[in-house]
Amino acid sequence: MEGPTAGSPGLAEKPVPAAASPSLSSLGAVFILLKSALGAGLLNFPWAFHKAGGVTPAFLGELVSLVFLISGLVILGYAASVSGQTTYQGVVGGLCGPALGKLCEACFIINLLMISVAFLRVIGDQLEKLCGFLLPSAPPAPQPWCMDQRLTLTLLSALVILPLSVPREIGFQKYTSILGTLAACYLALVIVVQYYTGPQGLAREPRPAHSPSSWTSVFSVFPTICFGFQCHEAGVSIYCSMTHRSLSHWALVSVLSLLACCLVYSLTGVYGFLTFGAEVSADILMSYPGDDVVIIVARALFGVSIVTVYPIVLFLGRSVMQDFWRRSWCLACGPGALAEPSGPWVRVPLTVLWVAVTLAMALLLPDLSEIVGIIGGISSFFIFIFPGLCLICAVNVQPVAARVRCCLEAWGVVSVLVGTFIFGQSTVAAALELL
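Residues numbered from 1 in each chain as written. Predicted model: local features only at pLDDT ≥ 70, side-chain atom pairs only at ≥ 80, totals over all residues. Heavy atoms only, no water.

The protein has the name Solute carrier family 38 member 8 in an unreviewed UniProt entry, where Panthera leo is given as its organism. As recorded by UniProt, the Subcellular location (unreviewed entry) comment attached to the protein reads in full: "Membrane". The protein has a UniProt comment under Sequence similarities (unreviewed entry) that states "Belongs to the amino acid/polyamine transporter 2 family." (UniProt positions renumbered as here; feature names shortened; annotations may be inferred.)

In structure tokens:
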């Protein structure tokens, strides 16, 4: 499973495209995966620990998920080496057929759309708290109109996020996205320290019981885990950019990066849950007082990082839609029949539409937990279902020992079944929350 051999038939003979010049070190791959996984999902982990019934069941669910999370990344590296593709949707389409490739593209767009909604929701919540700190008012007094979240978030989207998202290339923003990792590590440290120091004005809840109300409540942690740990969409591109592309090396990179993420997420979930108990908010920052300077710094860091990462998410979704435009319309109608997909007459309307739709959904959805439930369900396709299907198809393309092939096929089936269960459970739970 180290990669395609020279005598392998079919897809195993496809070379990696020359455009993908490998220049990424192993340490760089670890940090990029870490940066991809650590983000806004961190804010939801203490609430997920509460929903799961306590620290023990939530932590056990996280450890079980970690096996499938690491397995999914390793499978994607193997599938990329067999198929010769450099993108996630390309790997799925090349190994599993064009129908599943189109399904992967559709799930990719929906997932990125809902991530954009979650980003805007987090930005709106932090703006509300920051405005309350900058323009304090007595509790009986009505909130000033200029502090209304619908106004502040709309202005920020129109004046800052939209101009950052319109350009054809946004490569300069890949350097600013490291703010997400810094904000995540800072927030985890703050939550741990404030649990022991007990900041002024923080009403600490007594330690809650560490037993779930029912055995089914343990499953409520999986959507948050899928939302928080999702870095698999970028896994194929990262693997194809590495200078040392052996599967064992990629497995080590995957283990190190996800273990680091697990440490940060676990510290945040455990100490945030122990601090607030049943009163923890779906956004942990909303549980803290608005006048705490340390928390204000965390809000500012998260706000700035999400504002810079949002255009990257939009760019990825817009690229998939532009590719669909190019294949379905330009090729069907002939060259020059329609506008160039990357031209301003196509790019600008797609960008405005994306920002408008995600802004409307962020303002309409009442809580971050509903968005996380939807994202967690869709993410199960990229973490469990598509990697399982790719593994089943890849072992039938590249010759492997019969016993090894049976074991890998069995693991692929298990991965698909687990992902299907998580998708169904997360989708139903999110629908019930919305209703």
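Let us keep going from here.
**Q** Which residues make up the overall build of the protein, and what are the values?
**A** A count of helical and extended segments in the protein gives 14 helices and zero strands. Helices and strands appear in the protein in the N-to-C order α-α-α-α-α-α-α-α-α-α-α-α-α-α. When the 435 residues of the protein are sorted by exposure, 51% land in the buried category. Looking at the protein alone, contacts between residues at least 24 apart form 84% of all its contacts between residues at least 6 apart. Summed over all atoms, the accessible surface of the protein reaches about 18,600 Å², with 72% contributed by carbon and sulfur. (Helix = DSSP H or I, 4+ residues; strand = E, 2+ residues; numbered from the N terminus. Buried < 20%, exposed > 50% of the residue type's maximum accessible area, 1.4 Å probe, protein only. Contact = heavy atoms within 4.5 Å. Areas by Shrake-Rupley, 256 points an atom, 1.4 Å probe, with all protein chains shown as cover.)

**Q** Let's hear about the confidence of the model for the protein: which residues, and what values?
**A** Per-residue confidence for the protein gives a mean pLDDT of 80; residues scoring 70 or more make up 81%. Scored below 50 in pLDDT, residues 1-20 shows 38 contacts in the model against residues more than four places distant or in partner chains. Counting contacts from residues 205-210, a segment whose pLDDT is below 50, to residues more than four positions away or on other chains yields 16 contacts. (pLDDT = per-residue confidence, 0-100.)

**Q** Explain the pattern of salt bridges to me, and be specific about the residues and the numbers.
**A** Where charged atoms from two side chains of opposite charge come close, those side chains can pair. Under the criterion given, the structure shown has one salt bridge. We note a salt bridge from Asp125 to Arg121, for which the minimum N-O separation is 3.7 Å. With Asp125 and Arg121 both in helix H5 (residues 98-134) and four residues apart, this pair spans about one turn of that helix. Note on accessibility: Asp125 and Arg121 belong to one class, buried. (Salt bridge = Lys/Arg side-chain N within 4 Å of Asp/Glu carboxyl O.)

**Q** Just give me the short version of the nonpolar core, but keep the residues and values in it.
**A** Ranked by internal contacts, the top residues of the largest apolar core, which has 121 residues, are Leu95, Leu187, Phe229, Trp250 and Phe382. Those residues within four positions of Trp250 in sequence are excluded, and the remaining contacts are Leu33, Leu73, Val74, Gly77, Gly235, Ile238, Tyr239 and Met242. (Core = buried A, V, L, I, M, F, W, Y, C linked by side-chain atoms within 4.5 Å.)

**Q** Explain helix H8 (residues 221-229) to me, using residue names and the numbers behind them.
**A** The buried fraction of H8 amounts to nine of the nine residues, a majority that puts the element mostly inside the structure. Within H8, burial applies to Val221, Phe222, Pro223, Thr224, Ile225, Cys226, Phe227, Gly228 and Phe229.

**Q** Before we move on, could you go through the side chain of Ser246 and cite the residues and values that matter?
**A** With respect to the helices, strands and loops of the structure, Ser246 is situated in the loop between helix H9 (235-240) and helix H10 (247-276). A distance of 3.5 Å separates the side chain of Ser246 from the side chain of His244, its partner in a polar contact. (Polar contact = N/O pair within 3.5 Å; in protein donor to acceptor, adjacent residues only side chain to side chain.)

**Q** Describe the packing of aromatic side chains, with residues and values.
**A** Applying the stated criterion across every chain yields a total of 17 aromatic pairs. Relative to Phe386, the ring of Tyr88 has its centre 6.4 Å away and its plane inclined at 70°; by these criteria the two rings are edge-to-face. Of this pair, Tyr88 sits in helix H4 (residues 88-96) while Phe386 is found in helix H13 (residues 368-395), placing the two residues 298 residues apart along the sequence. With respect to burial, Tyr88 and Phe386 carry one shared label: buried. Between Phe382 and Phe386, the aromatic rings sit 5.9 Å apart at their centres with planes inclined by 65°, giving edge-to-face as the arrangement. (Phe/Tyr/Trp six-rings, centres within 6.5 Å; stacked < 30°, edge-to-face > 60°.)

**Q** Quick rundown of helix H2 (residues 45-52)? Include the residues and the values.
**A** With six of eight residues buried, H2 is to be regarded as a mostly interior element. Among all positions in H2, only Phe45, Pro46, Trp47, Ala48, Phe49 and Ala52 are buried. Next to the buried residues of H2 lie helix H3 (55-83), H8, H10 and H13.

**Q** Describe the environment of Phe315, naming the residues involved and giving the relevant values.
**A** Summarising the element assignment, Phe315 is placed in helix H11 (residues 293-333). Between the C-alpha atom of Phe315 and that of Thr351, which follows or precedes it by 36 residues, the distance is 8.5 Å.

**Q** Give a description of a nonpolar patch on the surface that names residues and reports values.
**A** Together, Phe59, Leu60 and Leu63 make up a nonpolar patch on the protein surface, roughly 250 Å² of accessible area in all. Position of Leu60 among the secondary structure elements: in helix H3. When its relative accessible area of 49% is taken as the criterion, Leu60 is described as partly exposed. (Patch = residues over 30% accessible without salt bridge, like charges linked within 9 Å, V, L, I, M, F, W, Y side chains within 5 Å.)

**Q** So, the packing of H3 against H10: which residues are in play, and what are the values?
**A** For any two helices packed against each other, the geometry comes down to the angle between their axes and how far apart the axes lie. Remark: H3 packs on H10, axes separated minimally by 9 Å, with the N-to-C direction vectors making an angle of 155°. The angle between H3 and H10 places the two elements in the roughly antiparallel class. Judged by the twist between their axes, the crossing of H3 over H10 is right-handed. Taken together, the residues of the contact of H3 with H10 sort by class into 19 nonpolar, three polar and one charged. (Axes fitted to C-alpha atoms, helices over the stretch in contact; angles between N-to-C directions. Parallel < 35°, antiparallel > 145°, perpendicular 65-115°, else oblique. Left-handed = near helix turned anticlockwise from the far one by under 90°. Nonpolar A, V, L, I, M, F, W, Y, C, P; charged D, E, K, R; others polar.)

**Q** Now, about the side chain of Ser165: what can you tell me, with residues and values included?
**A** Tracing the backbone shows Ser165 in helix H6 (residues 149-165). A polar contact is formed between the side chain of Ser165 and the backbone oxygen of Ile161, at a distance of 2.8 Å. Aside from chain neighbours lying at most four places away, what touches Ser165 is Tyr310, Pro311, Leu314, Arg318 and Thr351.

**Q** Account for the packing of H3 against H4, with residues named and values stated.
**A** Running from N to C, H3 and H4 point in directions that differ by 65°, and their axes come no closer than 10 Å. The interaxial crossing formed by H3 with H4 has left-handed handedness. Touching Leu76, Ala79, Ala80, Val82 and Ser83 of H3 are Tyr88, Val91 and Leu95, all from H4. Tallied by class, residues from the contact of H3 with H4 come to seven nonpolar, one polar and no charged.

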